[in-house]
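Per-entry structural report
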Amino acid sequence: MNILRGRFLLSKKVGANDTPLQALPWLGTALFLIVGFVLWPTVELFLMSFRRVDISGLLKGWAGLDNYRSLFDNSDIKGTLFRTAIWLVVVVAATMAISLPLAQLLNAKFIGQKFLRYSVIVPWAASLVITSTSWKWILNGYYGVFNLVLQDLHIIKEPVDLLSDPKTGFMVLLVVGIAVSLPFTTYVLLAGLQSIPHDIMEAARVDGAGPWKGYWAIVFPLLRPAFLVAAVINSVYVFNSFPIIWVMTQGGPGYETDTTTTFAYKVAFRDQDIGQSASLAVGNFMVIFVLIMIFLKLSKWRDLDKK
Amino acid sequence: MNPKAKHKLQKRSKGFVLSITGLLVSFLFLFPYLSMFSTAMKPNSSNTEIPPTYLPKAWEFGNFIKVFQELPFGMYIRSTVIISLCTMILGLIASLPAGYYIARNKFRGRTAFLLLVLVTQMFSPTTLLIGIYREMSVLHLINSYLGLILINASFNMAFSVWILSSFFQSIPVEIEEAASIDGASRFQTFTKISLPLALPGIVTTAIFTFIAAWNEFVVAYTLASSPSKQPFSVGLSLLTGLYEVKWNYLFAGSLIAIIPVVILFISIEKYLVSGLTAGSVK
């Protein structure tokens, strides 16, 4: 009897086809959460962008494309879109460019390598709100240590308040954005480096062409899949980034350091225009969706599917 | 000098240069936290002195205790712990069977399920905030722990399912087959054989979900309106907006909130990349 049951179970293992109903007890809870609390808000968001919502949040019927029209008429949207493009391109490009040598350093053998690896992880693990608060305090125009350093190095005579000016403020945001993005991309590249066989790395080093040429000719091509995946996922993170900007400038002064992410928040919860904000959020979602499609193309999820 | 000794010297000096570079880079990455530590150690008055100083003149270790009296820090930590622990438990309850099942079985709809998991991994609560707010008001879950727990667990489902199924896949099927021949049911095989073997994966998932909920900001910032429901990330951000900010206590509290999480994060470092890239790198 036991043997029979065993056989019956064996046939249920890999290779056999369960019906969706048999799969449900195992997948049900996960499916419930994903559909109920990830997909439902997505649908609500799309619907909201076509709804008329009054200032207290009550629904007043359908608005057609009015919310989208009012978004295009918003005088601050142009600058915000421009800054978002800069934010995305500069932060991702700089992060990737710095991650390459940094991953190489993390992969080298030297005393203190473990300490370096752990130090690089800290901004990834720590709350972004706290890290950004610390940067804000460091850059404080009166009490910040940043001014102290510059004054001691005789670079400036009087303290400067970088965050109060939209131009320098936005540049500071870019730098902090890069600093907190580095851990993830560096660790992905490190994983990529570690998967390259040792003798290939060795060959690249001793190759007559020299280490620099050897790197670009041999190592980097092998690293390219990891590089692309890191860049795409990082783009999603950077595009969605909210706490850094919110904590350091709240997108201000005015709307002058906003990206579409913080701008959408302000339009919804400060200006109380939920409909208009929803239409911008739909736009943001579309950008993310394109990035997801690129990721699916790059990732090897079909390998898992075949197993 | 013979060539061999010269080679050795070169190697040693290269190691030295790398170590120095490594130390400098470490310092850059740790700088905001070291600076926080220095501020946390100062007496309250000296944080608004002009010019500021790099290090405290007097080191006030007591600030790490006083923060619990000076700021509503204990209350924030309590909420954060409740939200994070419940998120972790709910996350495991949902992702363990799912991760196991997709690692071991073929079923109609498998491709669709995998695609759903992969696509939603990239969805961010920040973009969907208005939808989340709307759903939570329909469900009367605004300003509740439950609302935050459900959202946190759901948005981390993809990572959890993915990492767990890759762990279950690495367990040889033969071990389970032996158990089922011995008469164990499908559920018994899962709980008695596979779960213990996948323990590192389960710990990784638990810690990752816990940390994600611990650090979550934007949803709690939007939904948790009463101070007693706010996690520390929200509480802290609101405290910095006050007229008089007690920076030393604020940063002492921040460090208390950061340090355990950093240690936990380092402990699962090995598996992070494969989970976050859905196995496309490692």
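Calculation criteria
Residues numbered from 1 in each chain as written. Chains lettered and ligands numbered in written order. Predicted model: local features only at pLDDT ≥ 70, side-chain atom pairs only at ≥ 80, totals over all residues. Helix = DSSP H or I, 4+ residues; strand = E, 2+ residues; numbered from the N terminus. Rg over C-alpha atoms; globule rule 2.2 N^0.38 Å. Contact = placed C-beta atoms within 7 Å. Buried ≥ 20, exposed ≤ 12 C-beta atoms within 10 Å, placed from the backbone. Domains from an automatic or database assignment. Nonpolar A, V, L, I, M, F, W, Y, C, P; charged D, E, K, R; others polar. Pairing = 2+ DSSP bridges. UniProt positions renumbered as here; feature names shortened; annotations may be inferred. Axes fitted to C-alpha atoms, helices over the stretch in contact; angles between N-to-C directions. Parallel < 35°, antiparallel > 145°, perpendicular 65-115°, else oblique. pLDDT = per-residue confidence, 0-100. Expected span 1.5 Å × (residues − 1). Bend = angle between axes of the 7 residues up to and from the residue. Left-handed = near helix turned anticlockwise from the far one by under 90°.

Tallying secondary structure elements over chain A gives 14 helices and three strands in all. Relative to the 2.2 N^0.38 estimate, which gives 19 Å for 307 residues, the radius of gyration of chain A is 25 Å and therefore markedly larger than a compact globule would have. Principal-axis analysis of the C-alpha atoms gives chain A an extent of 85 × 70 × 35 Å. Counting only contacts in chain A whose residues sit at least 6 apart along the sequence, the fraction spanning at least 24 positions is 66%.

A count of helical and extended segments in chain B gives 14 helices and one strand. If one aligns the C-alpha atoms of chain B with their principal axes, the spans along those axes are about 80 × 75 × 35 Å. Among the 282 residues that make up chain B, the fraction classed as buried is 48%. Put simply, 76% of the contacts in chain B that link residues at least 6 apart link residues at least 24 apart.

All names here are of chain A. Per the domain assignment, the segments of chain A are domain 1 (15-62) and domain 2 (67-306). Tallying the contact residues gives 10 residues for domain 1 and eight residues for domain 2. Those elements that provide at least two residues to the side of domain 1 that touches domain 2 are α2 (20-48) and β2 (51-53). Among the residues making up the side of domain 1 that touches domain 2, the classes are represented as six nonpolar, two polar and two charged.

Listed by partner, the interface residues are 97 residues for chain A and 93 residues for chain B. Looking at which element gives the most residues to the side of chain A that touches chain B, the answer is α2(A), with 17 residues. Pairing of strand β1 (residues 17-18) of chain A with strand β1 (residues 106-107) of chain B, which is carried by two bridges, proceeds in the parallel orientation. Across the sheet, residue A:Asn17 finds its bridge partner in β1(B), namely B:Lys106.

Turning our attention to the UniProt feature "domain: ABC transmembrane type-1" (unreviewed entry) in chain B. Look at the UniProt record and you will see "domain: ABC transmembrane type-1" (unreviewed entry) annotated at residues 77-268 of chain B. Here residues 77-268 of chain B is 77% helix and 1% strand, with 23 Å between the C-alpha atoms at its ends.

Residue and element names in this part refer to chain A. Here, UniProt's "transmembrane region" (unreviewed entry) annotation points to residues 21-40, 85-103, 115-138, 170-193, 214-239 and 278-298. Secondary structure content for residues 21-40 is 100% helix and 0% strand, and the end C-alpha separation is 22 Å. Helix makes up 100% of residues 214-239 and strand 0%. Its end C-alpha atoms lie 34 Å apart.

The figure often quoted for interface size is the accessible area lost as the parts come together. Residues and elements named next belong to chain B. What the domain assignment lists for chain B is domain 1 (3-40) and domain 2 (64-276). The distance between the C-alpha centroids of domain 1 and domain 2 comes to 35 Å. The partner domain 2 presents six residues to the four residues of domain 1 that form the contact. Of the residues belonging to the side of domain 1 that touches domain 2, the class tally is three nonpolar, one polar and no charged.

Residue and element names in this part refer to chain B. Following the UniProt record, the feature "transmembrane region" (unreviewed entry) maps to residues 16-34, 81-101, 113-133, 145-164, 195-214 and 247-266 here. What you have in residues 16-34 is 100% helix and 0% strand, and the ends, taken at the C-alpha atoms, are 24 Å apart. Along residues 81-101 one finds 100% helix and 0% strand; the C-alpha atoms at either end are 30 Å apart.

This brings us to the packing of helix α3 (residues 66-73) of chain A against helix α13 (residues 274-298) of chain A. For any two helices packed against each other, one specifies the inter-axial angle together with the distance between the axes. All names here are of chain A. Packing of α3 against α13 leaves a shortest axis separation of 8 Å and a crossing angle of 85°. The angle between α3 and α13 falls in the class roughly perpendicular. Facing Asn67, Tyr68, Ser70 and Leu71 of α3, the residues of α13 in contact are Gly275, Gln276, Ala278, Ser279 and Leu280. Residue composition of the contact of α3 with α13, grouped by class: four nonpolar, five polar and no charged.

As a further point, take the pairing of strand β3 (residues 59-62) of chain A. All names here are of chain A. Pairing between β2 and β3: two bridges, direction antiparallel. The partner of Arg51 across the bridge, within β3, is Trp62. Hairpin connection from β2 to β3: five residues lie between these consecutive antiparallel strands, with Gly57 at a positive phi of about 90°.

Glancing now at the confidence of the model for chain B. For chain B, the average pLDDT comes to 90, and 99% of its residues sit at 70 or higher. Overall fold confidence for the complex sits at a pTM of 0.91, while the interface term, ipTM, reaches 0.91.

With that settled, the discussion passes to helix α8 (residues 166-194) of chain A. Residue and element names in this part refer to chain A. With 29 residues, α8 ought to run about 42 Å at 1.5 Å a step, and its terminal C-alpha atoms sit 42 Å apart, in line with that. The sharpest bend along α8 comes to roughly 40°, located at Leu182, with the proline Pro183 sitting one to four residues further on. When you tally the buried positions in α8, you get 21 out of 29 residues, the bulk of the element.

With that settled, the discussion passes to the packing of helix α1 (residues 3-40) of chain B against helix α13 (residues 247-267) of chain B. All names here are of chain B. Close contact between α1 and α13 brings their axes to 7 Å; oriented N to C, the two are set at 130°. By the criterion of interaxial angle, the relationship of α1 to α13 is oblique. Like other packed secondary-structure pairs, α1 and α13 cross with a definite hand, here left-handed. Two secondary-structure elements touch here, α1 through Met36, Phe37, Thr39 and Ala40 and α13 through Trp247, Asn248, Phe251, Ala252, Ser254 and Leu255. For the contact of α1 with α13, the per-class residue count stands at seven nonpolar, three polar and no charged.

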